[in-house]
Amino acid sequence: MVAERAPVKAASKILLVLLSLVTTGAAHVGSPDVYYEDHAGPYPLSVVVRMPLVVPGVAVIEVRSLSDNLKSIQVVPTRIQGEGSKFAPVPDVAERASDDPKLFRAHLWIMMRGAWKVQITADGEKGKGELSVPLAAAPGNSLALQGPLKWLLTGLMAVLVIGLVGIAGAAVREGMSDPATAPVPSSKRRSARRVMICTALLVIAVLAAGKFWWNWEAASTAQAAYTVPRVVTSLSASNTLLLRLQRTDSGRWAERIQLDDLIPDHGHLMHLFLIRFPDMDRMYHLHPHQDSAGQFSQNMPALEPGRYKVFADVVHATGFPETQTAEITLPETHEGTLQGDDSFATGISLLSKIQNTNVTYLEDGGRIIWLDSNVFVPPREPVKLHFRVEDASGKPATDLEPYMGMAGHLILISSDGTVFAHLHPNGSPPMAAVQLANGTGMADHAGHNIPSEISFPYGFPKAGLYRIFVQFKRAGRIETGVFNVSIVQAIDN
Ligand SMILES: [Cu+2]
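Everything in this summary refers to the structure shown in the same document. (Residues numbered from 1 in each chain as written. Predicted model: local features only at pLDDT ≥ 70, side-chain atom pairs only at ≥ 80, totals over all residues. Heavy atoms only, no water.)

### As for a nonpolar patch on the surface
Logical step 1: Among the surface-exposed residues, Val 58, Trp 109, Met 111 and Met 112 lie close enough to one another that they form a single nonpolar patch of about 390 Å² accessible area.
Logical step 2: Tracing the chain through its elements places Val 58 in strand 3 (residues 57-65).
Logical step 3: By relative accessible area, which is 32% here, Val 58 ends up partly exposed. (Patch = residues over 30% accessible without salt bridge, like charges linked within 9 Å, V, L, I, M, F, W, Y side chains within 5 Å. Areas by Shrake-Rupley, 256 points an atom, 1.4 Å probe, with all protein chains shown as cover. Salt bridge = Lys/Arg side-chain N within 4 Å of Asp/Glu carboxyl O. Helix = DSSP H or I, 4+ residues; strand = E, 2+ residues; numbered from the N terminus. Buried < 20%, exposed > 50% of the residue type's maximum accessible area, 1.4 Å probe, protein only.)

Listed below in structure tokens is the structure:
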């Protein structure tokens, strides 16, 4: 048995790693990593957090200094809210990358599912500065073991079992024989056969016990895993869209997910996006009313008929953000208008052969231009999606206003609908979670001049075709730029 143990241990380690690969993330959909830009006191920083594939697991924090006067970076993970947020462990010193003096890297353990923040302390010529970046630790479904590897491991196990039975038999049959004696007496052959049968039965029993243990572990892991909840949607006769949020089973999380604890994120409890699939040629950005805990309703504007994917963004009081999803077929209606912050956008079909350009023409003759639409970006590489708004005369627009308190909002969806993200000029975490993590209020852009060039830090989670809707407000009108981007896996030489 001793000989068997080491390879079995190694194999079960491989199994554990493979079975725990993630397919979903919490905030947004299919986009678990965090991209964020802000100031820690006097120091502008760009932060990327690679979330662990399993929890407990290690998050990789990459902090890039956007100035020259930074000496050191310390990082520590804590809860966003509650008792846990008051007792931060001793911070880790991030290591400066040997090939890039402005890049600092640290590895942090995330011990439980739920809302976390990484507290960053920057130190340099201008003293110390702090910044907290919210994280949603909620690894999703496990993947099944892939075919070829499964057969390889099964084959190796069979070899081990046959080998073990053979060794046991040979030990009884020939172990005590003189090397020169032959043939082996038949009494020894008989007892060798008996020992081989017993060994085989014993090994089968051990394997069965192992399988039982494995299934039990897998079931309990699956129970704590996060699957993107499906919001239940229906359209009433009066053209009202009814939405019922689902509660995730969060019994083993750092805090339970409730439905009666939603907090406003840039002024609304829910940001609802309806995107006509698969063309993505129509997009509604709406703000349903909360009727009771988890129950929302939205008076629909005049509708273009079709099959829509539904993405409902909410943030819990714990700082944990969720995007709940659904699909609904909506009929054509002519009644109803857009209210308040609601908006509607059209674009050419994602499936159209006509090339979508890097310019969206606006009704008043102005344009939204995606400035870096042709840069090559491999998956998970930090990028800044950079746009310029121009007026009818081609000059930088001077009439930009905050749209729900922000300079701009960007929504991106992969062509298969498995990735959905809602970004702002400082990155991917929801503003409500950023405010909770930093103990600050909503940044007030009122009266501020919003520049005509606005960028959004992000990293596309995987290769594929994406559609981008980027929204700005100009002189009271909400304008949407519609763009496509193909993310291609880099080929290593
Ligand atoms: Cu937004």
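Back to the text.
### Considering the sheet that holds strand 4 (residues 70-79)
Logical step 1: Taking strand neighbours across the sheet as the criterion, the four strands line up as 5-4-8-9 in an open arrangement whose pairing is antiparallel. Every other strand in the sheet has two partners, leaving strand 5 (92-93) and strand 9 (127-137) as the edge strands with one partner each.
Logical step 2: With nine bridges connecting them, strand 4 and strand 8 (residues 114-124) associate as antiparallel partners. Residue pairing in the sheet places Gln 74 in a bridge with Thr 121 of strand 8.
Logical step 3: Across the sheet, helix 4 (residues 431-438) lies against strand 8 and strand 9, angled at about 130° from strand 9, the strand it touches most. (Pairing = 2+ DSSP bridges. Contact = heavy atoms within 4.5 Å. Axes fitted to C-alpha atoms, helices over the stretch in contact; angles between N-to-C directions.)

### Things to note about the pairing of strand 1 (residues 34-40)
Logical step 1: For strand 1, a buried count of five out of seven residues is recorded, marking the element as mostly surrounded by other parts of the structure.
Logical step 2: Summarising the sheet, strand 1 and strand 2 (residues 43-50) pair through seven bridges and their orientation is antiparallel. Across the sheet, residue Asp 38 finds its bridge partner in strand 2, namely Leu 45.

### A short note on the side chain of His 316
Logical step 1: Counting through the fold element by element, His 316 comes out in strand 17 (residues 306-316).
Logical step 2: At 2.8 Å, the side chain of His 316 and the side chain of Asp 261 are in polar contact.
Logical step 3: Within the local environment of His 316, its side chain forms a polar contact with the side chain of Glu 322, the two groups lying 2.7 Å apart. (Polar contact = N/O pair within 3.5 Å; in protein donor to acceptor, adjacent residues only side chain to side chain.)

### Observations regarding the nonpolar core
Logical step 1: Core analysis: the largest hydrophobic core is formed by 31 residues, its most contacted members being Leu 45, Val 49, Ile 61, Ile 73, Val 118 and Ile 120.
Logical step 2: A domain-level breakdown of this core finds at least three residues from each of domain 1 (34-137) and domain 3 (232-487).
Logical step 3: Not counting residues within four places of it along the chain, the set of residues in contact with Ile 61 comprises Val 47, Val 48, Val 49, Val 75, Phe 104, Arg 105, Ala 106, Leu 108 and Val 118.
Logical step 4: Core analysis: the next-biggest nonpolar cluster, separate from the first, contains 30 residues, Val 419, Leu 423, Ile 450 and Phe 460 among them. (Core = buried A, V, L, I, M, F, W, Y, C linked by side-chain atoms within 4.5 Å. Domains from an automatic or database assignment.)

### Digging into the pairing of strand 7 (residues 100-110)
Logical step 1: In terms of strand pairing, strand 3 meets strand 7 through eight bridges, oriented antiparallel. Paired with Ala 59 across the two strands is Leu 108, which belongs to strand 7.
Logical step 2: One ladder, built from three bridges, connects strand 6 (residues 95-97) with strand 7; its direction is antiparallel. Bridge assignment links Glu 95 to a residue of strand 7, and that residue is Arg 105.

### So, the packing of aromatic side chains
Logical step 1: Tallied over the full model, the rule gives 15 aromatic pairs.
Logical step 2: Taking the centre distance of 5.3 Å and the plane angle of 80° together, the rings of Trp 253 and Phe 320 count as edge-to-face. Taken as a pair, Trp 253 in the loop between strand 11 (240-244) and strand 12 (262-263) and Phe 320 in the loop between strand 17 and strand 18 (321-330) lie far apart in primary sequence, 67 residues in all. Across the pair, Phe 320 and Trp 253 agree in class, each one buried. (Phe/Tyr/Trp six-rings, centres within 6.5 Å; stacked < 30°, edge-to-face > 60°.)

### Quick notes on helix 3 (residues 186-224)
Logical step 1: Between its first and last C-alpha, helix 3 extends 57 Å over 39 residues, near the 57 Å set by a 1.5 Å rise per residue.
Logical step 2: Three or more residues of helix 3 are buried, namely Ala 192, Thr 199, Val 203 and Ala 224.
Logical step 3: Its buried side turned inward, helix 3 meets helix 2 (147-174). (Expected span 1.5 Å × (residues − 1).)

In short, shape yes, function no, at least from these values alone.
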